[in-house]
Amino acid sequence: MSLYKYSFWEVLKHAFSPEVWEQVVPAISETMYMVGVSSVFVLVFGILLGLILVMTSKEGLMPCKIVHTVLGAVINCFRSLPQVIIIIVMLPVARALVGKSYGSNACIISLVASCVPLFARLVESSLLELDKGKIEAAKAMGSGNFRILFTIMVPETLPSLIRAFTNAVVIVISMTALAGSFGAGGIGYIAVTYGYTRFQHDLLFATIVVLIVIVQAVQLVGDTFSKLILKKRHLI
């Protein structure tokens, strides 16, 4: 149903019809697959790069100006590119890695390349907020660098890291919708191909509802885990 032929309320009502959701439900599984796999890679590589940035900074546990400068420059290069540009640039890379430049697996390459640098910077910011006094006290007690990192820095900033990862997952979700216009499949493909190109606005409204629900669920889970940790530490 199109807004050019029917009223807004008629189209909105039809967006919740079984006919529409028969097309939307399969796309949800594709989107969740892309979001789930991409989020795992973002979590692993984002934390790894964030820890390296903090460890090699001037006031870090293992200062190394060359590593910190080069890695920071590479991360900033990826962060400076709009999401659409990253998707286009990563198409040849996806073709080389998965054999094709379209589909869910190819989209994951672009999602990871776009969101890992962002999450790495969020991890860095969270770790740098830690009170330096705790680190100095651990050093005075003879703790090693990696012991300080994994027993003090990461655990102390865990609520902040969870909130940062939640934000990163939300960005991954938004990028899956954008990647739909490049043949990635999922909710974005339905919204662009049917909702925009073919003027089936009832399908477009259905995809909007799905994206809102997914984002709200992710945000709720992230906030809940973060608050549970804070409550356990009697900080709220």
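Every chain's residues receive numbers from 1 upward, in the order its sequence appears when written. Restriction of local features to residues with pLDDT of at least 70 applies here, the model being predicted, together with a cutoff of 80 or more for giving and counting side-chain atom pairs; totals for whole chains, interfaces and linings are based on all residues. To get the side-chain values, take all heavy atoms of the structure and skip hydrogens and water.

## A look at the packing of helix α5 (residues 91-98) against helix α6 (residues 104-128)
Definition in use: Helix axes are fitted to C-alpha atoms over the stretch in contact, other axes to C-alpha atoms as well, and angles between N-to-C directions run from 0 to 180 degrees. Helix numbers and strand numbers start at the N terminus; a helix is a DSSP run of H or I with at least 4 residues, a strand a run of E with at least 2. Roughly parallel refers to an angle under 35 degrees, roughly antiparallel to one over 145, roughly perpendicular to one between 65 and 115, and oblique to any angle outside these ranges. Helix crossings are classified by the rotation of the near helix relative to the far one: an anticlockwise turn of less than a right angle makes the crossing left-handed, while a clockwise turn makes it right-handed. By definition in these notes, contact holds between two residues if any of their heavy atoms fall within 4.5 Å.
Two numbers describe how α5 lies on α6: the axes approach to 9 Å, and their chain directions differ by 130°. Relative to α6, the element α5 lies oblique. By crossing handedness, the relation of α5 to α6 is classed as right-handed. Side by side, α5 and α6 meet where V93, A94, L97 and V98 of the first sit next to N105, A106 and I109 of the second.

## Concerning the environment of D202
Where we set the bar: Summary of the burial criterion: residues with accessible area below 20% of their type's maximum are buried, those above 50% are exposed, and those between are partly exposed, where the area comes from a 1.4 Å probe applied to protein chains only. Think of a polar contact as two N or O atoms within 3.5 Å of one another; within protein, one of them needs to be a possible hydrogen donor and the other a possible acceptor, and neighboring residues in sequence only count if both atoms come from side chains.
Structurally, D202 can be placed in helix α11 (residues 201-232). For D202, a relative accessible area of 4% gives the class buried. Excluding anything up to four places from it in sequence, D202 contacts M1, V11, H14, A15 and V20. From its side chain, D202 meets the backbone nitrogen of M1 in a polar contact 3.2 Å long. A polar contact of 2.8 Å, which involves the side chain of D202, links it to the side chain of H14.

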